[in-house]
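Residue-level structural notes
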Amino acid sequence: MDSNVCMIDDFSDLKDLVEKSRNVKADVSDEIKDLLARRSEIEHKLKKINSLIPDFHKLQVNAENSSKLVGCASKLALQLSGKVEQLDFVKNHVLKCVDKLSHIITVRNSAIGVKRCLVDSKLDEAAGYVFTYLEMEKDIISLISRLSADNPDNNPLTTLDDSRQILVKMAVEKFDEYVSKRYEKNIVYLLKIFFLLGETNEGIRRFSIYLCSYISNKCELLITTNKSSSQSSEFVSANLITEILEFVADTLKNNSMHVETYCEKSNEISKFFENSQLVCQVQDLLSKYLN
């Protein structure tokens, strides 16, 4: 530029030089603007990059706080677990108490029901209430006994025990009455009553005696009928024995279902089938006939 100034000879050269300087200035100005624009763009990108770079100090603080929160949460979880176990224990205890209370109410209602049935002479329903009482667990009975110790006049256990004795006596009287009148269906019905009253053995004993008497009477009738027969004695004897044995077998078969219905213990059922009294009676009848 200095050399160009020295070489200026006239005004036109000066004018050209000024024009060139203006052009250079304009170019420089454009370059500066371009650089400034690029600088702004670079600064904007740097801000974005800086925003993406985490603050490690804050991260450390947050990590420490998170660790403390996790520790507190762990302690709370342990405490909550203990509370849940306690709550579960209390819940089970409450359920057991509710169950026992339900049984106690059932026994008291049974005592009320059996008294009402005795007044109305409803033997079957009354025996059902007694059966509910007899099937109750021993710890429930013991609990009711303790609860009623201060008020013996209102003890449902005493009411049920007394009612049971009355019902057993009624069942025995009814059984004898039905046997004398030969009410077969009512006799079977009373076998169920004996079972409900906890007197299964007594029921089987009486039912066996009745059945022995029934079979014995029938056999005597068959023997009497065959004695008057005009057929040969050997044929009559063989036919009679067959008829008696078939009758005994059919009778035992037809009545065994009643015993099996109300007897759960095999030894009780065997008492019915192995009744030696029945065998002896049939043998005696046949011996008398054959002799």
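Residues numbered from 1 in each chain as written. Predicted model: local features only at pLDDT ≥ 70, side-chain atom pairs only at ≥ 80, totals over all residues. Heavy atoms only, no water.

An unreviewed UniProt entry annotates the protein chain as Conserved oligomeric Golgi complex subunit 4 originating from Schistosoma mansoni.

**Focus on the packing of helix α4 (residues 123–134) against helix α7 (residues 184–196)**
One way to put it is that α4 packs onto α7 with a least axis distance of 8 Å and a crossing angle of 30°. Relative to α7, the element α4 lies roughly parallel. You can see that α4 and α7 cross each other, and the crossing is left-handed. The segment α4 lies against α7, with Leu-123, Asp-124, Ala-127, Gly-128, Val-130, Phe-131 and Leu-134 engaging Tyr-189, Leu-190, Lys-192, Ile-193, Phe-195 and Leu-196. (Axes fitted to C-alpha atoms, helices over the stretch in contact; angles between N-to-C directions. Helix = DSSP H or I, 4+ residues; strand = E, 2+ residues; numbered from the N terminus. Parallel < 35°, antiparallel > 145°, perpendicular 65-115°, else oblique. Left-handed = near helix turned anticlockwise from the far one by under 90°. Contact = heavy atoms within 4.5 Å.)

**Quick look at helix α6 (residues 156–181)**
Taking 1.5 Å per residue as the helical rise, α6 with its 26 residues ought to reach 38 Å, and the 36 Å between its terminal C-alpha atoms agrees with that figure. Within the span of α6, buried status applies to Pro-156, Leu-157, Thr-159, Leu-160, Ser-163, Arg-164, Leu-167, Val-168, Ala-171, Val-172, Phe-175 and Tyr-178. Taking the backbone nitrogen of Leu-157 as reference, a side-chain oxygen 2.9 Å away marks Asn-155 as the first, capping residue of α6. (Expected span 1.5 Å × (residues − 1). Buried < 20%, exposed > 50% of the residue type's maximum accessible area, 1.4 Å probe, protein only. Polar contact = N/O pair within 3.5 Å; in protein donor to acceptor, adjacent residues only side chain to side chain.)

**Overview of the packing of α6 against α7**
Helix packing for two helices is described by the angle between their axes and how far apart those axes are. Where α6 meets α7, the closest approach of the two axes is 9 Å, and the angle between their N-to-C directions is 160°. Taken as axis vectors, α6 and α7 run roughly antiparallel relative to one another. The crossing of α6 and α7 is left-handed. Residues Ala-171, Val-172, Lys-174, Phe-175, Tyr-178 and Val-179 of α6 form the contact with α7, whose own contacting residues are Asn-186, Ile-187, Leu-190, Ile-193 and Phe-194. When grouped by side-chain class, the residues that make up the contact of α6 with α7 number nine nonpolar, one polar and one charged. (Nonpolar A, V, L, I, M, F, W, Y, C, P; charged D, E, K, R; others polar.)

**Remarks on the packing of aromatic side chains**
Tallied over the entire structure, the rule returns five aromatic pairs. Ring geometry for Phe-175 against Phe-194: centres 6.1 Å apart, planes inclined by 70°, an arrangement best described as edge-to-face. Residue Phe-175 is located in helix α6, and its partner Phe-194 is located in helix α7; the two are separated by 19 residues in the primary sequence. Exposure remark for Phe-175: the relative accessible area of 3% places this residue in the buried category. (Phe/Tyr/Trp six-rings, centres within 6.5 Å; stacked < 30°, edge-to-face > 60°.)

**Some words on the pattern of salt bridges**
For the structure shown, the criterion picks out seven salt bridges. Here Glu-125 ties to Arg-116 by a salt bridge, and the two come within 3.5 Å at their closest N and O atoms. Given a relative accessible area of 33%, Glu-125 falls into the partly exposed group. The partly exposed category is assigned to Arg-116, whose relative accessible area is 40%. (Salt bridge = Lys/Arg side-chain N within 4 Å of Asp/Glu carboxyl O.)

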